[in-house]
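Chain by chain, the residues run as shown.
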Amino acid sequence: MSFIKSSPVTHIIIALVFLVSGLTVNLFQLLFFIVLWPLHKELFRKINYYFSYIIYSELVFLSDWWAGVQYYFYVDKDDYNNYFGKEHAIFIINHKYEIDWLTAWVVNDRIGGILGNCKAFAKNSLKYMPVIGWAWWFGEFLFLQRDLVKDKYTIETKLKTLFEYENPVTMLLYAEGTRFTKEKQEASIKFARTKGLPELKEHLLPRTKGFSIGLPHFRHNLPAVYNVQIAFRREEKPSLRALLNGQRLEAHVYIERIPIEQVPENDKECDKWMYELYEKKDKMMVSFFNTGDWFKESGVKPLEKFVPPLRYYSLINIILWSILILVPFFYFTFNVLISGNLLHILMLMVPLGLLYVVLSKLMSVSEIGKTSSEYGTDKKKTN
C-alpha cells in the first residue's frame with residue numbers, strides 16, 4: 001500500500017481529480033457570484049460555503065484519510081462543547097510547519113464542520129492561482145500587499161465585514177508573518193534585543209500592528225480569540241509531500257478560548273498582550289519538544305487530551321468526484337492506448353506529465369526552505 005501511495009502515477013491521479021473538480025467548482029462559484037452577489041450577498045455566502053468546503057475538504061482528505069494523521073486536541077471541555085464552532089473567532093496560530101494551515105483546516109472541520117467559512121490573510125498574488133486562489137477570492141479572503149500602510153483599509157473594513165456574517169467565521173492569523181527557520185529566528189532575537197522584547201526559542205516575534213489597529217473595528221462582533229498551538233514530534237517532517245506519500249504523522253493541537261474582554265482595547269496594551277501570548281506559546285513549545293508534553297515545563301494549566309472524531313464528508317466528497325472524473329478518464333485512456341495511434345497517445349501523456357511537473361512545483365513552493373521572505377528587514381509588514 002505504501003508503494004501505491006508514493007507512486008507518481010497515483011499522485012497524478014489525485015492531482016487530476018483535484019484540478020478538474022476544483023475548476024468545476026470555480027465555474028459554479030463564478031456563475032452564482034454573477035447572479036446572486038448583486039442581489040443577495042448573504043445568500044451567495046451561504047451557498048459559497050459549500051463550494052468552498054468541496055475544495056478544502058479534498059485537502060483535508062489527504063490528512064485524515066490518505067495519510068491517516070493522528071490528531072490529539074488539548075481543550076477545556078466546557079468551552080469545546082459550548083463555544084467551539086459556534087461563534088466568530090480569530091485563531092492565533094504558530095507558523096512553524098509547512099502544513100500548519102492544513103492542520104488548522106482539519107481543526108475547523110472537526111470542531112463543528114465550519115471549514116467552508118475558514119478565512120485567512122493571504123498574499124495578494126495568490127488570488128490569481130487557479131482552484132485554491134480563486135476559491136479564496138470568492139470566499140472574501142483578505143489579500144494583502146504585505147505593507148501596513150496599503151493594507152490598513154483592508155484590515156479595518158473587510159475583516160469587519162467577515163464578522164458580520166450570519167454563520168460563524170474563523171479567521172486564521174499567523175502573527176509571526178512567515179514560517180519559522182533558524183535564520184529568521186536569529187533576526188527575530190536580534191530585533192527583540194534592540195527593543196527590549198521577549199527572545200523566543202521556537203517562534204518568531206509576532207507582528208502586532210495589523211491585529212491591534214483592526215480590532216477596534218470588529219471586536220463588537222467578535223466573542224473570542226483562540227490561542228492555537230500546533231506541534232508534531234520533532235523527528236517528523238510534516239509537509240504536503242509527506243501527506244501525498246501517505247506518511248502517518250502525529251499532530252498535537254492545544255486550543256485555548258480567550259474571551260474578547262480579556263484582550264486590551266488600547267493599542268500599546270494590545271501589542272503587549274500579543275507579546276505575552278507568544279511568550280506563553282514559546283514556553284509550551286519548548287516543553288513539548290523537551291518532554292512530549294505541553295504542560296510539564298511551561299507552567300500552563302494542563303488540559304485534557306482527547307482524539308476528535310473523524311468526519312466522513314471529506315471521504316464521501318473525494319469518492320464522488322473520483323467516480324465522476326476517473327471513470328470516463330480511464331475509459332478514454334484505455335481506448336487511446338488500444339488504438340495504437342502514437343500521436344493520440346502522446347497528446348494524452350504530455351498533459352499528464354505537465355500536471356505532474358506542476359504538482360511537484362506547487363509542493364516545492366510550499367517547502368519552508370524554498371519560501372522567500374523579507375523577515376528581519378526594515379520594511380513595514382502586515383501580520
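So, how was this worked out
- Residues numbered from 1 in each chain as written.
- Predicted model: local features only at pLDDT ≥ 70, side-chain atom pairs only at ≥ 80, totals over all residues.
- Heavy atoms only, no water.
- Phe/Tyr/Trp six-rings, centres within 6.5 Å; stacked < 30°, edge-to-face > 60°.
- Helix = DSSP H or I, 4+ residues; strand = E, 2+ residues; numbered from the N terminus.
- Buried < 20%, exposed > 50% of the residue type's maximum accessible area, 1.4 Å probe, protein only.
- UniProt positions renumbered as here; feature names shortened; annotations may be inferred.
- Polar contact = N/O pair within 3.5 Å; in protein donor to acceptor, adjacent residues only side chain to side chain.
- Contact = heavy atoms within 4.5 Å.

### Overview of the packing of aromatic side chains
Part 1: Taken as a whole and assessed by the stated rule, the structure comprises 28 aromatic pairs.
Part 2: Here the aromatic rings of Phe84 and Tyr226 are separated by 5.1 Å at their centres, their planes lie at 70°, and the arrangement is edge-to-face. Residue Phe84 is located in the loop between α4 (77–82) and β2 (89–93), and its partner Tyr226 is located in strand β6 (residues 224–232); the two are separated by 142 residues in the primary sequence. Of the two residues, Phe84 and Tyr226, both sit in the buried class.

### A closer look at the UniProt feature "transmembrane region" (unreviewed entry) in the chain
Part 1: UniProt feature "transmembrane region" (unreviewed entry): in the numbering of this structure it lies at residues 12–37, 49–73, 312–332 and 338–359.
Part 2: Its end C-alpha atoms 35 Å apart, residues 12–37 is made of 96% helix and 0% strand.
Part 3: Counted over residues 338–359, helix gives 91% and strand 0%. Its end C-alpha atoms are 28 Å apart.

### A word on the side chain of Ser314
Part 1: One can find Ser314 in helix α12 (residues 313–339).
Part 2: For Ser314, a relative accessible area of 0% gives the class buried.
Part 3: A polar contact is formed between the side chain of Ser314 and the side chain of Trp65, at a distance of 3.3 Å.
Part 4: In this view, Ser314 contacts Tyr53, Ser57, Val60, Phe61 and Trp65; residues no more than four positions away in its chain are not counted.

### A look at the environment of Pro216
Part 1: Positionally, Pro216 belongs in helix α9 (residues 209–218).
Part 2: For Pro216, a relative accessible area of 45% translates into the label partly exposed.
Part 3: Each C-alpha atom of the pair Pro216 and Lys160 lies 9.5 Å from the other, and the pair is 56 residues apart in sequence.

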